[in-house]
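Structural overview for review
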Amino acid sequence: MKVLAEITPEGLRRYPDPLGNEFRQAAAEVNGVQPDCIMCCNGGDELLSIALRAFCDENRPVAYPVPTYSLFPVLANLQNCRAIEVPFDSEFNLPAKLAGTGAALTIVCNPNAPSGTFINIDELASLADESAGVLLIDEAYVDFAETNCTALVKDFDNVIILRSMSKGYSLAGIRFGYAIAQPDLIASLMKVKDSYNVDAVAIAVATAAIKDQQYFKENVEKVKADREELTEKLQTLKFEVPRSYANFVLAKSKNCRASEIYDKLVQRSIYVRFFDLPALDDKLRITVGTKEQNNKLLSALKEILSGEIASLCSQ
Ligand SMILES: Cc1ncc(COP(=O)(O)O)c(C=O)c1O
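Residues numbered from 1 in each chain as written. Predicted model: local features only at pLDDT ≥ 70, side-chain atom pairs only at ≥ 80, totals over all residues. Heavy atoms only, no water.

1. Points about the overall build of the protein chain
The secondary structure content of the protein chain amounts to twelve helices and ten strands. For 315 residues, the compact-globule estimate of 2.2 N^0.38 gives 20 Å, and the protein chain sits close to it at 21 Å. Nonlocal contacts in the protein chain, meaning residues at least 24 apart in sequence, comprise 68% of its contacts between residues at least 6 apart. Separation between the mean location of the 33 positive side-chain charges and that of the 42 negative ones in the protein chain comes to 4 Å. (Helix = DSSP H or I, 4+ residues; strand = E, 2+ residues; numbered from the N terminus. Rg over C-alpha atoms; globule rule 2.2 N^0.38 Å. Contact = heavy atoms within 4.5 Å. Lys, Arg positive; Asp, Glu negative; His and termini not counted. Charge placed at Lys NZ, Arg CZ, Asp CG, Glu CD.)

2. Examining the nonpolar core
Counting residues in hydrophobic clusters, the biggest one holds 70 residues, and the most contacted among them are M165, L234 and L265. In contact with L234, not counting residues within four places along its chain, are F239, V241, V249, A251, I286, L298 and L301. Counting 34 residues, the second-largest nonpolar core is a separate cluster that includes L71, I107, I160 and A246. (Core = buried A, V, L, I, M, F, W, Y, C linked by side-chain atoms within 4.5 Å. Buried < 20%, exposed > 50% of the residue type's maximum accessible area, 1.4 Å probe, protein only.)

3. Looking at the sheet that holds strand β1 (residues 38-41)
The pairing of strands in a sheet happens through backbone hydrogen bonds and is either parallel or antiparallel. One open sheet holds the seven strands; their spatial order is β1-β7-β6-β5-β4-β2-β3, and the pairing between them is mixed. The sheet is open, and its two borders are formed by β1 and β3 (83-87), each paired with just one other strand. Put simply, the sheet's adjacent strands are angled 25 degrees from each other on average, direction ignored. Bridge analysis of strand β2 (residues 62-66) against β3 gives five bridges, and the strand direction is parallel. (Pairing = 2+ DSSP bridges. Axes fitted to C-alpha atoms, helices over the stretch in contact; angles between N-to-C directions.)

4. Digging into the site of the ligand
Taken together, the neighbourhood of the ligand is formed by G43, G44, D45, Y69, C109, D138, A140, Y141, S164, S166, K167 and R175. Residue D138 places a side-chain N or O atom 2.6 Å away from a nitrogen atom belonging to the ligand. Between Y141 and the ligand, the recorded distance is 2.8 Å, taken from a side-chain N or O atom to an oxygen atom. For the ligand, whose free accessible area comes to 390 Å², the fraction covered by protein is 91%. (Near = heavy atom within 4 Å. Polar contact = N/O pair within 3.5 Å; in protein donor to acceptor, adjacent residues only side chain to side chain. Areas by Shrake-Rupley, 256 points an atom, 1.4 Å probe, with all protein chains shown as cover.)

5. Here's the deal with the environment of D57
Mapped onto the elements, D57 comes out in the loop between α4 (44-55) and β2. Considered as a pair, D57 and A104 are 47 residues apart in the sequence and their alpha carbons are 9.1 Å apart. A distance of 2.8 Å separates a polar atom in the side chain of D57 from the backbone nitrogen of N59.

6. Topic: the sheet that holds strand β9 (residues 248-253)
A sheet is described by the order of its strands in space; here three strands give the open sequence β8-β9-β10, paired in antiparallel fashion. One side of each edge strand has no neighbouring strand; the edge strands of this open sheet are β8 (239-240) and β10 (283-287). Bridge count for β9 against β10 is five bridges, and the pairing is antiparallel. Bridging across to β10, A251 finds its partner in L284.

7. Considering helix α10 (residues 213-236)
Compared with an ideal rise of 1.5 Å per residue, which puts 24 residues at 34 Å, α10 spans 35 Å between its outermost C-alpha atoms and is within 8% of the ideal. Every buried residue of α10 is accounted for by Q213, F216, N219, V220, V223, K224, D226, R227, L230, T231 and L234. Summarising the contacts, the buried residues of α10 are in contact with α3 (21-31), α9 (200-211), β8, β9, β10 and α12 (291-306). Looking one or two places after α10, you find K238, whose phi comes out positive at around 65 degrees. (Expected span 1.5 Å × (residues − 1).)

8. Points about the side chain of T68
Of note, T68 is situated in the loop between β2 and α5 (71-78). One polar contact links T68 to N112, side chain to side chain, over a distance of 2.8 Å. Not counting residues within four places of it along the chain, the set of residues in contact with T68 comprises C109, N112, A113 and P114.

9. Here we look at the pattern of salt bridges
A full pass over the atoms with the stated rule returns 15 salt bridges. Between K252 and D282 there is a salt bridge, with its nearest N and O atoms 3.6 Å apart. In this pair, K252 is assigned in strand β9 and D282 in the loop between α11 (258-267) and β10, connecting sequence segments 30 residues apart. The partner of E303 in a salt bridge is R268, with the nearest N and O atoms 2.6 Å apart. With E303 in helix α12 and R268 in the loop between α11 and β10, the pair connects residues that are 35 residues apart, well separated along the chain. Of the residues examined, E303 reaches a relative accessible area of 46% and is grouped as partly exposed. You can call R268 partly exposed: its relative accessible area is 23%. One network of salt bridges, with partners in common, ties together E146, E221, K224 and R243. (Salt bridge = Lys/Arg side-chain N within 4 Å of Asp/Glu carboxyl O.)

10. Some words on the environment of E85
By the secondary structure assignment, E85 is in strand β3. Owing to a relative accessible area of 42%, E85 belongs among the partly exposed residues under this scheme. Each C-alpha atom, one on E85 and one on R285, is 21 Å from the other, the two residues being 200 residues apart in sequence. Not counting residues within four places of it along the chain, the set of residues in contact with E85 comprises Y64, V66 and P73. At 2.6 Å, the side chain of E85 and the side chain of Y64 are in polar contact.

What follows is the structure, given as C-alpha cells:
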C-alpha cells in the first residue's frame, strides 16, 4: 500500500517496462534462478492463455488430468485444439496415462484445484522426462503447500512453472503472475505475449510484495493454521476432508447431498463452490476465510445438518 501511494502522475504518463525487469529480478532472487528464467504475466491466467497460444492448435492437443481448473477446457476451445482429459483416480494420484498422450502441452495443476491434493516432485520429474511436449505445472496454490517444483526448471528444458500473486500474496486485484522456465522457453513465450502485458502500478506493487517475504510467510502461515482448524471442525460435522495443500478444502458430506447443503448456504448468503460434475457432485469446495467467516460457515452447517435437511440425510 505504501508503494501504491507513492505512484506519481509522471510514473503513469509513460509506458511501463515491457518485461517488468524490476519484478523479474526480485522473483529470481526469491526462487533461486536467473532473471531471464522469469516472465511477468497479467495474472497466472494470462500465462495459461499464452502457453495455449504458443504450443497448441488444431493439430497439437493439450492434455491434463481431470477434474481440475475449469479454465483449461475453455482455453482449449478458444484455441480450437483438442483437449485430452485423463481422469484422476478417487485419490487424485497422477494418472500414468498422462505421459503417453503425445500432447504438445500437458498441464498439471499442483496443488490441484478443486481437490487441494499434491503430487510429489519425483512423479512430475518423470512426467517431464516422458512427455513429448511442454509440461506446465500450475502452482497457483503452491504457497500453501510444503514444497514446490522450481528445481525441475534446472533439469528440464520443457518445464514451465506458473505462479500467481493472487493467493499467498493476497493480491488478486492487481492481476499479476509469472512463469519460471529455462531462458529459451521464456523467450518463446515472450514472442506470444502482448507488448505491455503488465502495467506500471502492478509491476510496482507486485515487486514490493514479493520482496516482503516476511509478511508473505506470516500471511500464508495464518491461512494454513486456519485451514487445519476448519478441516478438523468440518470432520466433527461428519464431513470427509482429505488433507489440503491449498487455501481451500474439498469436503464430502458422508450423509447429506452436497447440492442441498450448497442451496441452504446460499440462502444464508454464504458462498462455497459446488460442481455438478463426476467425482465432485458429492462435495463442496470451501475457501479458508477469515476466522469470523469460517465460524459463520460452521454454525450455519451445524444448523442445516441438524435441522432443515436432516430428514433428507441418511443416518
Ligand atoms: C488453478 C489455478 N490456476 C491459475 C489461476 C489464475 O490465477 P490468477 O490469474 O489470479 O493469477 C487460478 C485462479 O483461481 C487457479 O485456480
